[in-house]
Amino acid sequence: MVQPIDDLFGISSPRRPLQVAIVRGEVARASLGRIDAAEALRAPGVRGVFAYEDLRRTCAPIPIGVPGLEEARFSPLLALSDGEVRYPGEPVAAVVAETISAAADAAELVRVSCAAPLDVATSGERRAFSSTWSSGDLEAEFRKAEWRGTFRFALPAEVPRPLELSSVVARFDPGAGTLAALSSSRSPHALRRALSAALGISEAKVRVVSAGGGGAARPGSWAPVRREEILVAALARLLAPRAVSWTESPEEHALAAPRLAGAAAEVTIAARRDGRLLALRADAAIEAGAGPAAPDLSPLRGAALFAGPYAFLAAELRLRGAFADSPPTDLLAVRGGAFFACALERAIDEVAAALELEPAEVRRANLYREEECASATGVRIEPPRVREALDRLLERSGAAALRSERRVRRERGEAVGLGVALAVEACARGRASGPSPPRAAEEWSAATVRVLETGAVEVATGMAPRGPGLERALARIAAGALGVAESAVSVRFGDTGAGPPDAGASPGRSLPAGGSAVERAARAAEARLRAIAASILRVPEEYVQRWGGDFAAGDRSVSYEEVCRRAYRGSDFPSGPGIEATAYYDPEGPAVACGAHLSLVSLDPETGRARVERHVAVHDAGVLRSRETAEADLEEGILRGIEAALEGAGGPSGSEKPELRVAFLESRSPGNPIGARGIGECAYGGALAATANAVADALRGLGARSVDPPASPERLWRAIAEARP
Amino acid sequence: MIPAPFEYRAPVSEEELIALLAKYGESARILAGGQSLVPALRSRAARPEVVVDLRRVAGLHAVEPADDGGLRIGAMATHGEIETSPLVAARSPLLRAVSALVGDALVRNAGTLVGSVCQADPAADEPAALAALDATVEVAGPGGTRIVKAADFLQGPFETALEPEEYVRAVRVPPAGGESAYRREPLGRLGWALAGAACRIALEDGRVKEARVAVTGVAPRVYRAFALEEALLGHEAVALARSLRAGELAGEVVRGQEILGDARASAEYRRHLAALLARRAILKALGAAGGGRVP
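A quick note: this is a predicted structure, and the numbers were derived from the prediction, not measured. (Residues numbered from 1 in each chain as written. Chains lettered and ligands numbered in written order. Predicted model: local features only at pLDDT ≥ 70, side-chain atom pairs only at ≥ 80, totals over all residues. Heavy atoms only, no water.)

So, the overall build of chain B: which residues are in play, and what are the values?
Looking only at helices and strands, chain B features 12 helices and 14 strands. Computed over C-alpha atoms, the radius of gyration of chain B comes to 19 Å, within 12% of the 19 Å expected from 2.2 N^0.38 for 295 residues, which places it in the range of a compact globule. Principal-axis analysis of the C-alpha atoms places the extent of chain B at approximately 60 × 45 × 35 Å. Out of the 295 residues in chain B, the part that is buried amounts to 51%. Surface summary for chain B: the accessible area is close to 12,400 Å², and the carbon and sulfur share equals 51%. (Helix = DSSP H or I, 4+ residues; strand = E, 2+ residues; numbered from the N terminus. Rg over C-alpha atoms; globule rule 2.2 N^0.38 Å. Buried < 20%, exposed > 50% of the residue type's maximum accessible area, 1.4 Å probe, protein only. Areas by Shrake-Rupley, 256 points an atom, 1.4 Å probe, with all protein chains shown as cover.)

Please set out the overall build of chain A residue by residue, giving values where relevant.
The number of helices and strands found in chain A is 18 helices and 26 strands. Looking at chain A as a whole, 60% of its 725 residues are labelled buried. Taking all contacts inside chain A whose residues are at least 6 apart in sequence as the whole, residues at least 24 apart take part in 80%. Per element, the accessible surface of chain A, about 27,100 Å² overall, is 49% carbon and sulfur. (Contact = heavy atoms within 4.5 Å.)

So, the packing of aromatic side chains: which residues are in play, and what are the values?
For the coordinates displayed, the defined rule picks out seven aromatic pairs over all chains. Between F153 of chain A and F339 of chain A, the aromatic rings sit 5.8 Å apart at their centres with planes inclined by 35°, giving tilted as the arrangement. Within this pair, whereas F153 of chain A is found in strand β8 (residues 147–155), its partner F339 of chain A is found in helix α9 (residues 338–354), the two being separated by 186 residues in sequence. Its relative accessible area of 1% is what places F153 of chain A among the buried residues. Their ring planes at 45° and their centres at 5.1 Å tell us that W717 of chain A and Y269 of chain B sit as a pair that is tilted. With one member in each of two chains, W717 of chain A in helix α18 (residues 713–723) and Y269 of chain B in helix α12 (residues 267–289) form a pair that bridges those chains. The burial state of W717 of chain A is the same as that of Y269 of chain B; both residues are buried. Taken together, the ring pairs in this structure connect F74, F129 and F323 of chain A into an aromatic cluster. The ring of F551 of chain A has R546 of chain A lying over it, and the distance from NZ or CZ to the ring centre is 4.1 Å. Above the face of the Y684 of chain A ring, R640 of chain A is positioned so that its terminal group lies 4.6 Å from the ring centre. (Phe/Tyr/Trp six-rings, centres within 6.5 Å; stacked < 30°, edge-to-face > 60°. Lys NZ or Arg CZ within 6 Å of the ring centre and 35° of its normal.)

Got a sec to walk through the sheet that holds strand β19 (residues 489–493) of chain A? Specific residues and values, please.
All names here are of chain A. Read across the sheet, four strands follow the order β19-β18-β17-β23 without closing on themselves; strand pairing throughout is mixed. Looking along the sheet, the strands with just one partner apiece sit at the ends: β19 and β23 (579–585). Strand-to-strand twist in this sheet, taken as the mean axis angle between neighbours without regard to direction, amounts to 15°. Of the strand pairs in this sheet, strand β17 (residues 445–451) and β23 are connected by seven bridges, and their pairing is antiparallel. Paired with V449 across the strands is A581, a residue of β23. Set on the sheet, helix α14 (residues 510–537) makes contact with β17, β18 (457–461) and β23; between it and β23 the angle comes to about 145°. (Pairing = 2+ DSSP bridges. Axes fitted to C-alpha atoms, helices over the stretch in contact; angles between N-to-C directions.)

Go over the interface of chain B and chain A, please, and point to the residues and values.
Contacts between chain B and chain A engage 22 residues on the former and 24 residues on the latter. Regarding the contact of chain B and chain A, the summed buried area is about 1,800 Å², with carbon and sulfur atoms giving 44% of it. Taken together, chain B and chain A are joined by eight salt bridges. Here R280 of chain B makes a salt bridge to D604 of chain A, at a shortest N to O gap of 2.9 Å. The tally of links between chain B and chain A comes to 14 residue pairs in polar contact (both at pLDDT 80 or more). Elements supplying a minimum of two residues to the side of chain B that touches chain A: β11 (179–186) and α12 of chain B. Broken down by element, the residue count for the side of chain B that touches chain A peaks at seven residues, all from α12 of chain B. Of the residues that constitute the side of chain B that touches chain A, the class distribution is 10 nonpolar, four polar and eight charged. (Buried area = accessible area lost by both parts, 1.4 Å probe. Salt bridge = Lys/Arg side-chain N within 4 Å of Asp/Glu carboxyl O. Polar contact = N/O pair within 3.5 Å; in protein donor to acceptor, adjacent residues only side chain to side chain. Nonpolar A, V, L, I, M, F, W, Y, C, P; charged D, E, K, R; others polar.)

Pulling in residues and values, what's your account of the packing of helix α6 (residues 188–199) of chain A against helix α7 (residues 227–238) of chain A?
Relative orientation and spacing of two packed helices are given, respectively, by the angle between their axes and the distance between those axes. Residue and element names in this part refer to chain A. Relative orientation of the contacting elements α6 and α7 amounts to 50°, with a least axis distance of 10 Å. As far as their axial angle goes, α7 and α6 are oblique. The chirality of how α6 crosses α7 is right-handed. Each of L191, L195, A198 and L199 in α6 lies in contact with α7, whose residues at this interface are E229, I230, A233, A234 and R237. Grouping the amino acids of the contact of α6 with α7 by side-chain chemistry returns seven nonpolar, no polar and two charged. (Parallel < 35°, antiparallel > 145°, perpendicular 65-115°, else oblique. Left-handed = near helix turned anticlockwise from the far one by under 90°.)

With reference to specific residues and values, describe the pattern of salt bridges.
Overall, the coordinates contain 81 salt bridges over all chains when judged by the stated rule. The shortest N-O distance in the salt bridge between R55 of chain B and D53 of chain B comes to 3.6 Å. According to the relative accessible area criterion, D53 of chain B is buried, its value standing at 3%. Here R270 of chain B and D262 of chain B are joined by a salt bridge, their closest N and O atoms 3.3 Å apart. Relative accessible area serves as the criterion here: at 4%, R270 of chain B is assigned to the buried category. For D262 of chain B, a relative accessible area of 38% translates into the label partly exposed. Several salt bridges share partner residues, and in doing so they unite E405, R409, R412, E414, E613, R614 and E659 of chain A into one network.

Which residues make up the sheet that holds strand β22 (residues 556–558) of chain A, and what are the values?
All names here are of chain A. The strand order across the open sheet built from three strands is β20-β21-β22, with neighbouring strands paired in antiparallel fashion. In this open sheet, the two edge strands, each paired with only one partner strand, are β20 (545–547) and β22. The average undirected angle you get between the axes of adjacent strands in this sheet is 40°. Across three bridges, β20 lies against strand β21 (residues 550–553) in antiparallel orientation. Across the sheet, R546 pairs through a bridge with F551, a residue of β21.

Outline the side chain of Q19 of chain A, listing residues and values.
Looking at the element boundaries, Q19 of chain A is found in strand β1 (residues 18–24). Taking the relative accessible area as the measure of exposure, Q19 of chain A reaches 15% and is therefore buried.

Provide a residue-level description of the nonpolar core, including the pertinent values.
The tendency in soluble globular proteins is for nonpolar side chains to be buried as a group. Residue and element names in this part refer to chain A. If you look at the biggest cluster of nonpolar residues, it comprises 114 residues, and the most contacted ones within it are L55, L195, I230, L235 and I269. The greatest single-element share of this core, amounting to 10 residues, is contributed by α9. Beyond its immediate sequence surroundings of up to four residues, L55 is in contact with F50, A79, L80, L231, A234, L235 and L238. (Core = buried A, V, L, I, M, F, W, Y, C linked by side-chain atoms within 4.5 Å.)

Requested: an account of the pairing of strand β5 (residues 71–74) of chain B, with residues and values cited.
Residues and elements named next belong to chain B. Both faces of β5 are covered, namely the face carrying L71 and I73 and the face carrying R72 and G74. Pairing geometry for strand β4 (residues 63–65) and β5, over three bridges, is antiparallel. Of the residues in β5, the one forming a bridge with P65 is L71.

Which residues make up the packing of α14 of chain A against helix α15 (residues 560–569) of chain A, and what values do they have?
All names here are of chain A. The geometry of α14 relative to α15 is characterised by a closest axis approach of 9 Å and an angle of 95° between their N-to-C directions. In terms of their interaxial angle, α14 and α15 are classed as roughly perpendicular. Every residue of α15 that contacts α14 at L529, I532, A533 and I536 is listed here: Y560, V563, C564, R566 and A567. By residue class, the composition of the contact of α14 with α15 is eight nonpolar, no polar and one charged.

Quick one: what's the story with α14 of chain A, residue by residue and with numbers?
All names here are of chain A. Helix length check: α14, at 28 residues, gives a terminal C-alpha distance of 39 Å against a target of 40 Å (1.5 Å per residue), a fit within 8%. Across the 28 residues of α14, 21 count as buried, placing the element largely inside the fold. R538 sits one or two positions beyond α14 and adopts a positive phi of about 55°. (Expected span 1.5 Å × (residues − 1).)

Next up, the structure:
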């Protein structure tokens with residue numbers, strides 16, 4: 001049995017966890033001088049002040065490798081700065097005290113001297129990595145093309161704004177030599193591996209429980225490992241048996257939390273004058289901040305579909321990353337691949353405008369055909385589904401009528417724009433494909449299903465909790481496979497002490513990968529139930545059928561409850577007592593989600609304010625477990641995309657919430673046994689691209705140049721003002 | 001984060017409040033709805049020795065009619081109470097409308113109008129409306145009560161005419177003469193005004209008899225655009241609307257003001273917005289005051 005987590009940390013005991021306040025550096029690229037903690041150590045309630053030297057024997061650096069990148073030289077993951085402050089907000093010391101207030105008060109008394117920036121003179125790009133991928137004969141296609149154009153697109157780095165911030169509590173038991181941590185990380189197994197490596201404790205003696213939090217679409221901590229978590233675990237080891245805890249403050253989050261990387265791309269497209277797209281070159285520069293925030297994050301993963309669903313004959317991706325004096329970044333996917341999708345979708349609109357073609361038609365005409373087997377990057381994405389999504393979108397949104405509405409309103413002097421975009425996302429990627437790198441860590445999912453003597457069902461998954469929607473969906477999948485009521489199933493998330501290793505939760509993989517593992521484990525458990533029923537009914541297994549909850553053969557039957565009881569209390573088990581099964585699910589191919597988006601935007605040319613009046617989306621999200629959850633997920637993704645397109649940190653206020661219309665195609669994904677596909681992340685990219693296209697269209701109507709997201713009122717106002725003599 | 005240590009006092013009467021403020025002076029901060037002070041405490045930007053909570057002080061909560069036909073709004077009346085008060089809707093539709101623009105429902109249910117005035121955020125909405133409405137601030141202290149015009153009370157960014165031992169008991173809004181309007185450009189999801197303009201126009205025989213224009217968000221303080229107010233006086237409404245549309249008088253909106261430029265918006269854009277929003281607010285008020293005659 002798993003020990004209740006509260007007891008592990010003594011959270012309810014009179015001696016509550018010690019609290020940590022982190023002292024952070026203030027200037028970038030400065031060499032760290034003396035840390036004077038004398039005054040802080042005399043402050044009431046303080047149990048210690050720790051710098052890098054104090055932790056060096058307890059806590060080793062974790063090397064950060066990123067598979068598939070050339071010239072990558074990243075600093076290892078360190079609990080505290082080892083002598084250089086690379087970005088403002090980098091942790092340099094930790095104050096441990098009995099209460100949060102005592103720790104915060106004492107942290108203000110720590111004096112840190114930083115020498116002047118190490119190399120202010122060094123300007124220009126500090127190269128972090130590079131990578132190139134190509135297919136087809138790019139030069140030949142460019143040479144013979146009737147038309148070619150280059151388009152620039154950029155998205156700034158983004159600080160995620162979660163509903164709940166990061167938090168961790170850890171405790172080391174010196175007697176047993178075990179470490180336990182409760183964390184907001186959504187990848188408990190990756191965090192366990194990191195803590196084990198940093199502290200030199202056997203992985204089997206480390207238990208990590210993911211407390212989740214932050215909601216599905218706005219996670220508190222997307223990073224699988226945060227350096228603060230390693231710091232807290234190291235302090236717990238030094239201060240054992242006391243538990244040690246840290247909770248991020250909003251100020252710390254804004255200053256130093258890992259960011260979603262920003263990027264700029266130059267997209268060159270070769271085409272025929274009739275709109276046939278021939279070749280694509282994307283030259284992208286990624287702003288890596290201080291480097292990857294954790295091991296195994298690769299920008300190449302988000303690039304798996306950089307050529308979208310289009311049948312380019314040749315495609316090339318050139319990536320380079322540069323360091324900046326800002327916190328570490330996800331790198332992972334440059335906003336989950338949304339960057340590449342948006343750059344391409346914007347470029348296609350520019351191609352359509354230059355060739356005077358209808359943007360939606362250019363898209364439809366260039367979707368690759370089924371017999372071509374795969375997209376330009378080699379990922380199979382079921383083009384008929386994309387085509388259907390686009391056709392349904394144009395029909396549902398009344399695109400033809402909207403185009404005449406746009407004409408009429410423009411004649412009246414209004415500034416309006418229409419934008420269409422397609423979004424494809426490879427969820428739960430599984431094995432490498434296209435520019436995707438070889439796998440570095442587990443990308444599979446695993447689950448254990450245990451049927452108890454009373455018939456109650458326990459499901460343990462390595463996925464982290466992401467809200468009640470996922471919990472219900474997983475319970476429903478297990479209940480369906482076992483033939484029991486959903487209420488009989490309870491799901492335990494993200495506990496390395498309870499569930500098998502799993503990559504954890506990340507956008508678009510919870511259901512396709514995590515749900516598939518649960519389904520397989522539940523089917524294996526059901527097979528054991530069936531075997532026991534067969535032995536009770538004295539028939540071969542293949543004669544056993546399910547009638548309601550019962551197991552039946554001919555006119556004889558035995559209830560589900562009786563089979564469960566006999567599995568534990570019988571004497572002649574066909575294959576040992578108990579009913580438990582663990583299944584690992586390694587996706588055979590990506591569960592590709594796709595969607596088509598249309599956005600109607602109006603501008604106030606005088607203030608520069610853009611407003612999405614209407615947004616329509618048709619998504620193929622695979623087999624839906626809960627329409628309500630799926631719709632909420634889709635709408636949240638769309639609203640986040642609109643926010644990113646129009647105002648970055650701001651976004652549509654309640655009163656300005658656009659009219660949203662969403663629909664699902666619900667086709668079974670061939671990529672996994674439950675036919676699921678991701679939703680929210682794909683919707684984010686699609687909505688961002690469609691809104692950006694609509695803004696560009698409105699600006700084009702005014703004769704103004706386009707503006708990169710976020711299209712803030714001032715930037716739009718300037719673009720409009722420039723166009724007016 | 002966690003606030004630096006402070007002492008908490010919750011007086012139950014104004015006498016006790018006055019005594020506390022006299023004792024602690026500048027080392028005390030007054031807590032009303034807490035929407036500005038509590039975040040400042042948590043980030044340690046504010047580090048008062050004593051926090052004096054007005055919650056239990058009797059007699060500060062009312063939104064009541066004043067004898068002159070106007071309103072008297074107590075220090076503890078929330079934006080939400082003002083937004084939903086039928087009395088405010090009847091006597092000052094502008095104040096009601098502007099209160100509804102503050103933050104979100106959670107902020108409006110806790111934050112107070114007087115708190116916003118005392119915070120003197122240069123980008124707050126309500127102070128602009130109060131300045132255009134000729135509202136006054138009832139300042140109480142050991143020496144008795146003094147009445148200060150709202151526009152004079154707001155002195156700089158987060159600076160008011162309040163002395164350390166004083167507090168604001170209420171805001172008084174006189175009966176509104178003429179028609180009023182407020183136009184703003186919000187900053188982000190729950191943002192303050194990037195720029196906003198409140199105005200009140202009274203006509204007599206089709207000509208502007210009285211004009212008030214107050215601007216927020218663009219300068220270090222919410223200010224009255226006196227040059228513009230003067231320029232509006234005496235104009236025939238229809239002709240005035242026409243010349244405003246033609247962009248005349250735009251320069252008067254920011255005359256003599258130091259216009260801010262920062263990461264959120266340049267001074268050039270703020271200057272443009274101030275003129276634009278003032279024009280829109282004036283045109284709206286003119287239209288209402290002209291009873292359909294002004295296009």
